[in-house]
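# Commentary on secondary and tertiary structure
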Amino acid sequence: METFPFLWIICLLSGELIWGGFAQLVHCNAAEREALLDLKMGLNDSWNRLSSWHGTNCCQWSGIACDNTTGAVLAVDLPNSSGRQPLGGEIRPSLAKLKSLKYLDLSGNKFSGKIPHFFSSLENLQYLNLSFAGFSGAIPPNLGNLSSLQFLDVSSFSSNVDNLEWVSGLVSLKYLNMYSVDLSKVGGEWIEPLNKLPLLSELHLEFCVLSGFIYSISSVNFTSLKVLNLRDNSFKANLPNWFVNISSLVSVDIRNGMLTGRIPLGFGELPNLQSLKLNYNFDFSASCFQLFSRSWKKIQVLDLSITELHGRLPALLGNMTSLIQFDLHFNYIEGGIPSSIGKLSNLQYIDLSLNNLTGSLPDSIGQLKNLVELRLNNNLLQGSIPSSIGNLQRLTTLTLASNKLNGALPDSIGLLSELSSLDVSLNKLTGVISEAHFHSLGKLENISLSENSFILNVSSNWVPPFQVIALEMGSCHLGMSFPSWLKSQKQVHVLDFSGAGISGSIPNWFWDMTSSLAILNVSFNSLEGHIPNPFNIISYASVDLSSNQFKGPIPLPNVILLDLSNNQFSGSIPENIGQVMSVLLFLSLSGNKLTGAIPASIGEISLDVLDLSKNNLAGSIPSSIGNCSSLTVLDLQKNNLSGEIPNSIGQITGLQTLHLGNNQLSGKIPSSLQNLSKLETLDFGNNMLTGNLPRWIGEAFPRLRILSLRSNKFSGELPLALSNSSSLQILDLAENQLNGSIPANLSNLKAMTQQQNVNHYLLYGTLFDDHNYQENIYVTINGLGLTYTRTLSLLTSIDMSGNNLSGELPEAITKLVGLEVLNLSRNHISGQIPKSISELRQLLSLDLSGNRLSGPIPQSISSLTFLGNLNVSNNNLSGIIPSTNQMSTFNASSFAGNPGLCGDPLTVKCSNDSNNGGDNYPDGGGKADQTDNGNGFIDKWFYMSIGVGFAAGLLLPYLVFAMKRSWGGVYFAFVDGTAYRLSSEKMKAAARRRNRGAR
């Protein structure tokens, strides 16, 4: 909507002037010629732009225009265009001698100092453009004397205004642009002087640090205002109602203005409004139903994205027939897309992504014949993609990713001859994709079909009609062998064939085309063979070949991400890796057959993630690893590393997760590690470390979630400061030589005092949106070792088993009401089991066996309805075993070795136990075999589910795990592993979708 300066020249000076080359019939005034020559003397003109400024007739000079009758200079037009060196130097006061001057344009140059005060003496000036001319400081208020001025542009990154009152003197002003001028000191009063300009047609105050509004104005005089641009300011206030009383408005832009409160519904009734942009106002809200039920007579561009729109879209949306661009992405819109949307015949761009839309895509969407872009990704849409979508012959972008769409991809997609980008990833689409789907898609550049269940069925000699740049087909079944049709593609930059069911070797011709790749992902297939070393790929590429069957030495492409994990690579890590892979940020060689030492040159790489776990690496950890100052993840677990932990690791102050477990490391924990204040996981388990637990271990790591020091040779007492670890969820000190009592202040472990209800994937190395390091930890529950990854954030556990701890079991430990696993077995703990044990309502596993506990088992323990594993054997407990709820499901081994205990499931009867005479069992059935592990009880529930039908069948898993939680650990380990296999690539793709959606 902005009027170009050239049009202002025509409007202001048409019929009055003669420009340079056409001025033979008129001569300029001698005094004005001398004034221009003096102006030239003050300018720096390295490009000789003013080379024509000589001779007697200044009307013939470049950039000068004269009155066609009197020869008076009317225009000085010296803007700097792109590609030329700007004018610099000084604007001399001689310019003020051009008394008839109406037009002055010095924009885009490189003058210095403030805007000259003498400009205010050019009383006939109608057009003044000083935008980005190099002036700085305060804009002189005497510009307000230019009462004839119609156009003023003082845009600048280094100018400011403390008071706008002078603007009210510009009574003829039609256009005002103060882009990026600092108006922060003006406050909410900025509107008052502007309201005194009845002819003002365009107002541009973008990036001016404006704040606040005046809400009560006696009369609104903006009767001519058509264009209002207030974007990128800091209003932090509600929009005044008088805004929607300016009936002349054609275009309003207040993007990113920190607006709050309600979007005025009156915008929809402005009779001339064609463009409204209120996007990026995060606290600006409205009901969709109310807002879009207004008339919106002439609206063409409507952008309310990234606000707080809520509710559903009304059917009256179809009445906005002038609409061309419609953007509501990243809001809280729910409900379906109304079928009336098909009435918007002029619509070219629609973006409803990142909302909560439900229902199916209306078939009427195929009536939008002028549609160029359709973005509906990241919603909850269901049903099939309508075949009518093939009618959108002008469509270039179709994005339906991250929904719940099902069914097949319609063949009519192949009719969209203008389509350049197709993204239906992360849905539930199925069926066969054939050559027909791509029949006319010769302009297709981006294809994303990932995370569906497509089967690609094309002939072996198929040559696609397109040349793609991005090809993402992760989880699509592409056939048993590597797709031969890929050979025809000459400009692929992104290739994702992950989880595509491909086996065999990668053909040699493929390695000839990798030189253009920025992203290569063929993970989770059954590919085999050797990888060329090195293979040609562009610098700063991302390569993921993980979870295949590749063999041979590891390749060393110079990339930023290299994931070769879970393959069969062998040999040693090359000594020169630090020199060859100088730009590497993410390196995972986990789960291979690598041998030898970790090369010292690894310290020359600015890594973010280093994962060398699950190999056969030997030798010591090189001290040079401390030079990797950018590391957030260091995982060396499950190797054969020996020697001491190097002090230099304490230099990696940004480290968040450190895994050195399951090696042969010895010595003490270095004191330098207390510098790692950002550490969240510390895993030194299953080594040969010695010494006392450092007193600082509970204070140095305020973010620590996981501490595993199990199966070492640590001795001494538990440090009292351990209780300061307020974020700790997993504490594993089992199988050491620790002594002393359990500190009562462990009840201060804040993260264990509340239930962990929300599952947060613990991802690190987030420099990459689609590829991260997934946190993991090995936990022993009921003798069963489980590796947790995806559900790790839900687990709370304390394991101090297999030590020499003594003293009583502190009652304070029962304040950890979020605790799920407690194992204190095989120590020397005495005293009684606290009655308040029943407060640990989330407990899944409790093991107190092999201690010196005495007294009764509290009857309150029966209220622990999630308890799946209980072991109090080999103590000195006595009395009746509680028999209600969960307690009836445990077998005799849970209570054995306590001579004073009686009652089921033990064979020892209690003299005062009237419930153990067999009356509760069927005649002839007797008691369940004590080695049955409660399975007879479970079988009853299974048969009952069959008897009571489908509803009980749905309830059964809950009942089973509530009553027999010993299956829970295995079940959740299965879920965890399955989630990892099924969601690893889905999470990567989802991250890409989020990144694109937020654009």
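The structure under discussion appears in the preceding block.
Okay, so let's go over this structure. (Residues numbered from 1 in each chain as written. Predicted model: local features only at pLDDT ≥ 70, side-chain atom pairs only at ≥ 80, totals over all residues. Heavy atoms only, no water.)

## A few points about the pairing of strand β47 (residues 640-644)
Consecutive side chains along a regular strand alternate between the two faces of the sheet. Rule in force here: Strands pair, by our definition, only if DSSP identifies at least two bridges between them. Helix numbers and strand numbers start at the N terminus; a helix is a DSSP run of H or I with at least 4 residues, a strand a run of E with at least 2.
Sheet topology note: the strand β45 (residues 618-619)/β47 ladder contains 2 bridges and is parallel. The residue bridging alanine 618 from the neighbouring strand is asparagine 640, located in β47. Note that β47 and strand β49 (residues 664-667) share 3 bridges and pair parallel. Along β49, the bridge assignment pairs glycine 643 with leucine 665.

## Topic: the sheet that holds strand β55 (residues 737-741)
Sheet architecture is open: 11 strands sit in the order β45-β47-β49-β51-β53-β55-β61-β63-β65-β67-β68, paired in parallel fashion. Where the open sheet ends on each side, the last strands, each with one partner, are β45 and β68 (900-902). In terms of strand pairing, strand β65 (residues 852-855) meets strand β67 (residues 876-880) through 2 bridges, oriented parallel. Across the sheet, the residue bridging to serine 854 is asparagine 876, located in β67.

## So, the state of the cysteines
Going by this rule: In what follows, a disulfide is any cysteine sulfur pair within 2.5 Å. Relative accessibility under 20% of the residue-type maximum defines a buried residue, over 50% an exposed one, and the middle range a partly exposed one, all with a 1.4 Å probe and only protein chains included.
Counted according to the given criterion, the structure contains 3 disulfides. Shown here is the disulfide that connects cysteine 59 with cysteine 66, its sulfur atoms set 2.1 Å apart. Measuring handedness by torsion sign, the sulfur bridge of cysteine 59 and cysteine 66 sits at about -105° and is left-handed. Residue cysteine 59 is classed as buried on the basis of its relative accessible area of 0%. Here cysteine 66 falls in the buried class, since its relative accessible area comes to 0%. Residue cysteine 902 pairs covalently with cysteine 910 via a disulfide, S to S 1.7 Å. Residues cysteine 902 and cysteine 910 are joined through a disulfide that is right-handed, its torsion about the S-S bond being 110°. Given the relative accessible area of 12%, cysteine 902 is considered buried. Taken N- to C-terminal, the disulfide-bonded cysteines of the chain are connected 1-2, 3-4, 5-6.

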